[in-house]
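Survey of secondary and tertiary structure
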Amino acid sequence: MSAAAKYQEIAATLRGQIDRGELSVGDQLPTEQALQEQFDSSRTTVRQALKELREAGLVQMRHGVGVFVAPPKVVRRLDSRERLSKARRDANKAAFLAEADAQGFSPSSSVKVWFEPAQDYAELFGIEEASELCVRDRVMRADGEPVMLAVSRLPREITRGTALEEVETGPGGVLARLEDQGFEITDHEEIVSARMPDANERQIFGLGGGPVLVVRRRTWSGDRVVEVNDMVMPGESYELRYAWDAL
(Lines give C-alpha, C1' and ligand atoms only; values in the text may rest on other atoms or scores of the structure.)
Protein backbone atom coordinates (compact mmCIF):
# COMPACT_ATOMS: atom_id res chain seq x y z
CA MET A 1 0.00 0.00 0.00
CA SER A 2 1.33 3.46 -0.93
CA ALA A 3 2.01 6.08 1.73
CA ALA A 4 -0.91 8.16 0.39
CA ALA A 5 -3.30 5.24 0.63
CA LYS A 6 -2.04 4.40 4.11
CA TYR A 7 -2.57 7.87 5.58
CA GLN A 8 -6.02 7.99 3.98
CA GLU A 9 -6.82 4.64 5.60
CA ILE A 10 -5.73 5.95 9.02
CA ALA A 11 -7.70 9.19 8.57
CA ALA A 12 -10.80 7.29 7.40
CA THR A 13 -10.65 4.92 10.38
CA LEU A 14 -10.36 7.75 12.89
CA ARG A 15 -13.03 9.78 11.11
CA GLY A 16 -15.36 6.78 11.30
CA GLN A 17 -14.77 6.43 15.05
CA ILE A 18 -15.60 10.13 15.50
CA ASP A 19 -18.72 9.93 13.31
CA ARG A 20 -20.01 6.86 15.19
CA GLY A 21 -19.37 8.47 18.58
CA GLU A 22 -16.70 5.96 19.58
CA LEU A 23 -14.52 9.03 20.02
CA SER A 24 -16.51 11.92 21.50
CA VAL A 25 -15.83 15.64 21.68
CA GLY A 26 -12.88 16.19 24.01
CA ASP A 27 -11.61 12.61 23.84
CA GLN A 28 -7.91 12.19 23.23
CA LEU A 29 -6.84 10.20 20.18
CA PRO A 30 -4.20 7.46 20.51
CA THR A 31 -0.65 8.76 20.53
CA GLU A 32 1.40 8.91 17.33
CA GLN A 33 3.41 5.93 18.57
CA ALA A 34 0.25 3.92 19.22
CA LEU A 35 -1.12 4.75 15.77
CA GLN A 36 2.18 3.77 14.14
CA GLU A 37 2.00 0.38 15.82
CA GLN A 38 -1.73 -0.09 15.12
CA PHE A 39 -1.42 0.65 11.41
CA ASP A 40 2.17 -0.51 10.90
CA SER A 41 3.10 2.87 9.44
CA SER A 42 5.68 5.61 9.76
CA ARG A 43 5.46 8.72 11.92
CA THR A 44 5.26 10.84 8.74
CA THR A 45 2.24 8.89 7.51
CA VAL A 46 0.46 9.15 10.87
CA ARG A 47 1.11 12.89 11.02
CA GLN A 48 -0.29 13.33 7.52
CA ALA A 49 -3.48 11.54 8.57
CA LEU A 50 -3.82 13.73 11.67
CA LYS A 51 -3.18 16.83 9.56
CA GLU A 52 -6.06 15.87 7.28
CA LEU A 53 -8.39 15.46 10.27
CA ARG A 54 -7.27 18.81 11.68
CA GLU A 55 -7.86 20.60 8.36
CA ALA A 56 -11.33 19.06 8.26
CA GLY A 57 -12.02 20.58 11.68
CA LEU A 58 -12.44 17.18 13.36
CA VAL A 59 -9.52 17.32 15.78
CA GLN A 60 -7.47 19.87 17.70
CA MET A 61 -3.77 19.52 18.37
CA ARG A 62 -2.56 20.71 21.79
CA HIS A 63 1.18 21.17 21.73
CA GLY A 64 2.92 18.87 24.16
CA VAL A 65 -0.35 17.24 25.21
CA GLY A 66 -1.92 15.35 22.30
CA VAL A 67 -4.69 15.35 19.73
CA PHE A 68 -8.32 15.70 20.79
CA VAL A 69 -11.71 15.44 19.09
CA ALA A 70 -12.86 18.98 18.31
CA PRO A 71 -16.36 20.33 18.87
CA PRO A 72 -18.38 20.57 15.65
CA LYS A 73 -17.96 23.81 13.74
CA VAL A 74 -21.01 23.79 11.52
CA VAL A 75 -22.82 27.00 10.65
CA ARG A 76 -26.46 26.24 10.00
CA ARG A 77 -27.82 28.54 7.33
CA LEU A 78 -31.39 29.40 8.24
CA ASP A 79 -34.30 28.88 5.87
CA SER A 80 -34.00 31.67 3.31
CA ARG A 81 -37.61 32.74 3.81
CA GLU A 82 -36.71 33.49 7.42
CA ARG A 83 -33.20 34.91 7.04
CA LEU A 84 -34.24 37.27 4.22
CA SER A 85 -37.55 38.39 5.67
CA LYS A 86 -38.47 42.07 6.07
CA ALA A 87 -39.03 41.49 9.78
CA ARG A 88 -35.41 40.36 10.11
CA ARG A 89 -34.20 43.38 8.14
CA ASP A 90 -36.23 45.77 10.29
CA ALA A 91 -34.61 44.21 13.38
CA ASN A 92 -31.15 44.39 11.71
CA LYS A 93 -30.95 40.60 12.00
CA ALA A 94 -31.09 39.71 8.33
CA ALA A 95 -29.15 36.88 6.67
CA PHE A 96 -25.78 36.18 8.33
CA LEU A 97 -26.65 38.23 11.44
CA ALA A 98 -29.77 36.09 11.89
CA GLU A 99 -27.66 32.93 11.94
CA ALA A 100 -25.26 34.47 14.44
CA ASP A 101 -28.17 35.44 16.70
CA ALA A 102 -29.72 31.96 16.49
CA GLN A 103 -26.50 29.99 16.97
CA GLY A 104 -24.47 32.12 19.35
CA PHE A 105 -21.37 32.87 17.30
CA SER A 106 -19.78 36.28 16.80
CA PRO A 107 -20.23 37.44 13.21
CA SER A 108 -17.82 39.69 11.35
CA SER A 109 -17.05 40.49 7.74
CA SER A 110 -14.63 42.34 5.52
CA VAL A 111 -16.02 44.15 2.50
CA LYS A 112 -14.53 45.44 -0.74
CA VAL A 113 -16.53 47.50 -3.23
CA TRP A 114 -15.67 48.08 -6.87
CA PHE A 115 -17.33 48.58 -10.26
CA GLU A 116 -17.16 46.54 -13.44
CA PRO A 117 -18.95 46.07 -16.79
CA ALA A 118 -21.92 43.71 -16.64
CA GLN A 119 -20.49 41.37 -19.31
CA ASP A 120 -21.55 37.79 -18.38
CA TYR A 121 -24.15 39.15 -15.93
CA ALA A 122 -25.86 41.37 -18.49
CA GLU A 123 -28.47 38.77 -19.45
CA LEU A 124 -29.33 38.07 -15.80
CA PHE A 125 -30.06 41.77 -15.23
CA GLY A 126 -31.51 42.45 -18.66
CA ILE A 127 -28.99 45.23 -19.36
CA GLU A 128 -26.22 45.93 -21.88
CA GLU A 129 -22.85 44.20 -21.41
CA ALA A 130 -21.12 47.59 -21.13
CA SER A 131 -23.46 48.77 -18.35
CA GLU A 132 -21.75 49.12 -14.98
CA LEU A 133 -22.35 46.93 -11.97
CA CYS A 134 -21.57 47.67 -8.34
CA VAL A 135 -19.73 44.69 -6.84
CA ARG A 136 -19.77 44.03 -3.08
CA ASP A 137 -17.19 41.35 -2.23
CA ARG A 138 -17.44 40.01 1.34
CA VAL A 139 -15.66 37.46 3.51
CA MET A 140 -18.03 36.38 6.29
CA ARG A 141 -16.55 35.03 9.54
CA ALA A 142 -17.96 33.11 12.50
CA ASP A 143 -15.88 33.60 15.66
CA GLY A 144 -13.09 34.89 13.44
CA GLU A 145 -13.04 31.90 11.08
CA PRO A 146 -13.99 32.45 7.39
CA VAL A 147 -17.17 30.50 6.61
CA MET A 148 -18.58 32.19 3.52
CA LEU A 149 -17.49 34.20 0.50
CA ALA A 150 -20.33 36.35 -0.88
CA VAL A 151 -20.10 38.52 -3.98
CA SER A 152 -23.16 40.65 -4.72
CA ARG A 153 -23.67 42.48 -7.99
CA LEU A 154 -26.23 45.24 -8.52
CA PRO A 155 -26.88 47.56 -11.48
CA ARG A 156 -24.98 50.81 -10.95
CA GLU A 157 -27.96 52.84 -12.10
CA ILE A 158 -29.58 51.69 -8.85
CA THR A 159 -26.58 52.05 -6.52
CA ARG A 160 -24.87 55.23 -7.76
CA GLY A 161 -24.60 57.83 -5.00
CA THR A 162 -26.22 55.59 -2.33
CA ALA A 163 -25.05 53.65 0.72
CA LEU A 164 -25.04 50.55 -1.49
CA GLU A 165 -21.65 51.72 -2.73
CA GLU A 166 -20.27 52.15 0.80
CA VAL A 167 -18.53 49.45 2.85
CA GLU A 168 -21.12 49.91 5.59
CA THR A 169 -24.62 49.92 4.12
CA GLY A 170 -26.37 50.52 7.46
CA PRO A 171 -29.08 48.61 9.38
CA GLY A 172 -30.84 45.90 7.41
CA GLY A 173 -28.08 45.63 4.81
CA VAL A 174 -28.36 45.67 1.03
CA LEU A 175 -32.01 44.65 0.82
CA ALA A 176 -33.07 47.41 3.22
CA ARG A 177 -31.18 49.99 1.15
CA LEU A 178 -32.84 48.74 -2.03
CA GLU A 179 -36.20 49.24 -0.37
CA ASP A 180 -35.11 52.76 0.63
CA GLN A 181 -34.57 53.39 -3.10
CA GLY A 182 -38.15 52.32 -3.81
CA PHE A 183 -37.41 48.76 -4.92
CA GLU A 184 -39.85 46.54 -3.03
CA ILE A 185 -38.32 43.07 -2.61
CA THR A 186 -40.83 40.64 -4.11
CA ASP A 187 -39.01 37.38 -4.97
CA HIS A 188 -35.81 35.40 -4.42
CA GLU A 189 -34.48 32.37 -6.26
CA GLU A 190 -31.55 30.26 -5.04
CA ILE A 191 -29.69 27.68 -7.12
CA VAL A 192 -27.43 25.36 -5.08
CA SER A 193 -24.57 23.28 -6.46
CA ALA A 194 -21.26 21.80 -5.32
CA ARG A 195 -17.78 21.77 -6.81
CA MET A 196 -14.17 21.45 -5.77
CA PRO A 197 -12.63 24.64 -4.35
CA ASP A 198 -10.17 26.75 -6.29
CA ALA A 199 -6.76 27.68 -4.88
CA ASN A 200 -8.02 30.97 -3.39
CA GLU A 201 -10.96 29.27 -1.65
CA ARG A 202 -8.72 26.54 -0.25
CA GLN A 203 -6.42 29.16 1.21
CA ILE A 204 -9.15 31.35 2.71
CA PHE A 205 -11.08 28.45 4.25
CA GLY A 206 -7.99 26.40 5.15
CA LEU A 207 -9.34 23.38 3.27
CA GLY A 208 -7.39 20.20 2.88
CA GLY A 209 -9.93 18.66 0.52
CA GLY A 210 -13.63 18.18 -0.03
CA PRO A 211 -16.12 20.27 -1.98
CA VAL A 212 -17.55 23.72 -1.46
CA LEU A 213 -21.24 24.58 -1.64
CA VAL A 214 -22.15 27.25 -4.18
CA VAL A 215 -25.38 29.25 -3.99
CA ARG A 216 -26.46 31.80 -6.57
CA ARG A 217 -29.34 33.98 -5.39
CA ARG A 218 -31.29 36.28 -7.67
CA THR A 219 -33.49 38.91 -6.05
CA TRP A 220 -36.38 40.59 -7.85
CA SER A 221 -38.32 43.78 -7.40
CA GLY A 222 -41.39 43.06 -9.46
CA ASP A 223 -40.15 41.82 -12.84
CA ARG A 224 -36.66 43.29 -12.44
CA VAL A 225 -33.60 41.50 -11.04
CA VAL A 226 -31.96 43.96 -8.63
CA GLU A 227 -29.23 41.77 -7.10
CA VAL A 228 -27.28 38.63 -7.98
CA ASN A 229 -25.39 37.20 -5.00
CA ASP A 230 -22.85 34.40 -5.54
CA MET A 231 -21.98 32.61 -2.29
CA VAL A 232 -19.35 29.94 -1.59
CA MET A 233 -19.24 27.91 1.64
CA PRO A 234 -17.01 25.01 2.73
CA GLY A 235 -19.11 21.85 2.57
CA GLU A 236 -17.53 20.42 5.70
CA SER A 237 -18.59 23.30 7.96
CA TYR A 238 -21.79 24.74 6.48
CA GLU A 239 -25.27 23.27 6.50
CA LEU A 240 -28.06 24.61 4.29
CA ARG A 241 -31.67 24.43 5.43
CA TYR A 242 -34.80 24.79 3.29
CA ALA A 243 -38.45 24.35 4.19
CA TRP A 244 -41.71 24.68 2.28
CA ASP A 245 -45.40 24.09 2.77
CA ALA A 246 -46.80 20.76 1.63
CA LEU A 247 -49.37 21.10 -1.15
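Because the structure is a prediction, the values reported are computed rather than measured. (Residues numbered from 1 in each chain as written. Predicted model: local features only at pLDDT ≥ 70, side-chain atom pairs only at ≥ 80, totals over all residues. Heavy atoms only, no water.)

**Considering the overall build of the protein chain**
Using the following cut-off: Labels follow the DSSP assignment, with helices taken as runs of H or I lasting at least four residues and strands as runs of E lasting at least two, numbered in each case from the N terminus. Each residue is placed in one exposure class: buried if its accessible area under a 1.4 Å probe, protein chains only, is under 20% of its type's maximum, exposed if it is over 50%, and partly exposed if it falls in between. Here, residues are in contact when the closest pair of their heavy atoms is within 4.5 Å. Surface accessibility follows the Shrake-Rupley procedure with a 1.4 Å probe radius. Residue values consider only the protein chains on display as shielding. Asp and Glu count as negative and Lys and Arg as positive, but His and the ends of the chain are not part of the count. One atom stands in for each charge, and that atom is NZ of Lys, CZ of Arg, CG of Asp or CD of Glu.
Across its full length, the protein chain holds ten helices and ten strands. Taking the principal axes of its C-alpha atoms as reference, the protein chain extends roughly 70 × 40 × 35 Å. Within the protein chain, buried positions represent 43% of all 247 residues. Nonlocal contacts in the protein chain, meaning residues at least 24 apart in sequence, comprise 58% of its contacts between residues at least 6 apart. Of the roughly 13400 Å² of accessible surface on the protein chain, a fraction of 48% belongs to carbon and sulfur atoms. Each charge sign in the protein chain was given a centre, from 32 positive and 41 negative side chains, and these centres are 4 Å apart.

**Some thoughts on the packing of aromatic side chains**
Worth spelling out the cut-off: Note on ring pairs: Phe, Tyr and Trp rings are taken, using the six-membered ring of Trp, and paired if centres are within 6.5 Å. Classes follow the plane angle, with under 30 degrees stacked, over 60 edge-to-face and the rest tilted. A positively charged side chain is recorded as over a ring if its NZ (Lys) or CZ (Arg) lies within 6 Å of the ring centre. The angle to the ring normal must also be within 35 degrees.
If you walk through the whole model with that rule in mind, you get zero aromatic pairs. The cationic tip of Arg 62 hangs over the ring face of Phe 68; the distance from NZ or CZ to the ring centre is 3.9 Å. Above the ring of Phe 115, the side-chain terminus of Arg 156 is found at 3.7 Å from the ring centroid.

**Side note on the pairing of strand E5 (residues 132–142)**
Convention followed: A pair of strands counts as paired when DSSP detects no fewer than two bridges linking them.
Burial analysis of E5 places eight of its eleven residues in the buried class, the great majority of the element. Relative to E5, strand E4 (residues 107–117) is paired through eleven bridges, and the arrangement is antiparallel. From the neighbouring strand, Val 113 faces E5, where its bridge partner is Arg 136. As defined by bridge partners, E5 adjoins strand E6 (residues 145–155) across ten bridges and the pair is classed as antiparallel.

**Thoughts on the pattern of salt bridges**
The cut-off we apply is this: We define a salt bridge as a contact between a side-chain nitrogen of Lys or Arg and a carboxyl oxygen of Asp or Glu at a distance within 4 Å.
Under the counting rule described, the total for this entry stands at 17 salt bridges. As a salt-bridge pair, Lys 6 and Glu 9 come within 3.5 Å of each other at their nearest N and O atoms. Separated by three residues within a single helix, Lys 6 and Glu 9 lie in helix H1 (residues 3–19), roughly one turn from each other. By relative accessible area, which is 31% here, Glu 9 ends up partly exposed. Its salt-bridge partner being Arg 20, residue Glu 22 comes within 2.7 Å of it at the nearest N-O pair. Through salt bridges with shared partners, one network takes in Glu 116, Arg 153, Arg 216 and Asp 230.

**Details of the packing of helix H2 (residues 32–39) against helix H3 (residues 43–55)**
Rule in force here: Only the stretch in contact is used when fitting a helix axis, every axis being a line fitted to C-alpha atoms; angles between N-to-C directions are given from 0 to 180 degrees. Any angle that falls under 35 degrees is termed roughly parallel, while one over 145 is termed roughly antiparallel, one within 65 to 115 roughly perpendicular, and all others oblique. Under the grouping applied here, Gly and all other residues not named as nonpolar or charged are polar, the nonpolar ones being Ala, Val, Leu, Ile, Met, Phe, Trp, Tyr, Cys and Pro and the charged ones Asp, Glu, Lys and Arg.
Axis separation between H2 and H3 bottoms out at 9 Å; the angle between their running directions is 110°. Taken together, the axis directions place H2 and H3 in an arrangement best described as roughly perpendicular. Contacts from Glu 32, Leu 35 and Gln 36 in H2 reach Arg 43, Val 46, Arg 47 and Leu 50 in H3. Its residues placed into classes, the contact of H2 with H3 shows three nonpolar, one polar and three charged.

**Observations concerning a nonpolar patch on the surface**
Put simply, the rule is: Each patch is assembled from residues with relative accessible area greater than 30% and no salt bridge, linking like charges that lie within 9 Å and nonpolar side chains (Val, Leu, Ile, Met, Phe, Trp, Tyr) that lie within 5 Å.
On the surface, Val 192, Tyr 242 and Trp 244 cluster together into a nonpolar patch covering about 360 Å² of accessible area. Mapped onto the elements, Trp 244 comes out in the segment after strand E10 (238–240).

**Describing unusual backbone geometry**
Phi at Asp 40 is positive, roughly 50°, even though this residue is not glycine. Of note, the phi angle at Gln 119 is positive, near 45°, even though the residue is not glycine. Inspection of the secondary structure assignment puts Gln 119 in the loop between E4 and helix H7 (122–125). Since its relative accessible area comes to 49%, Gln 119 is described here as partly exposed.

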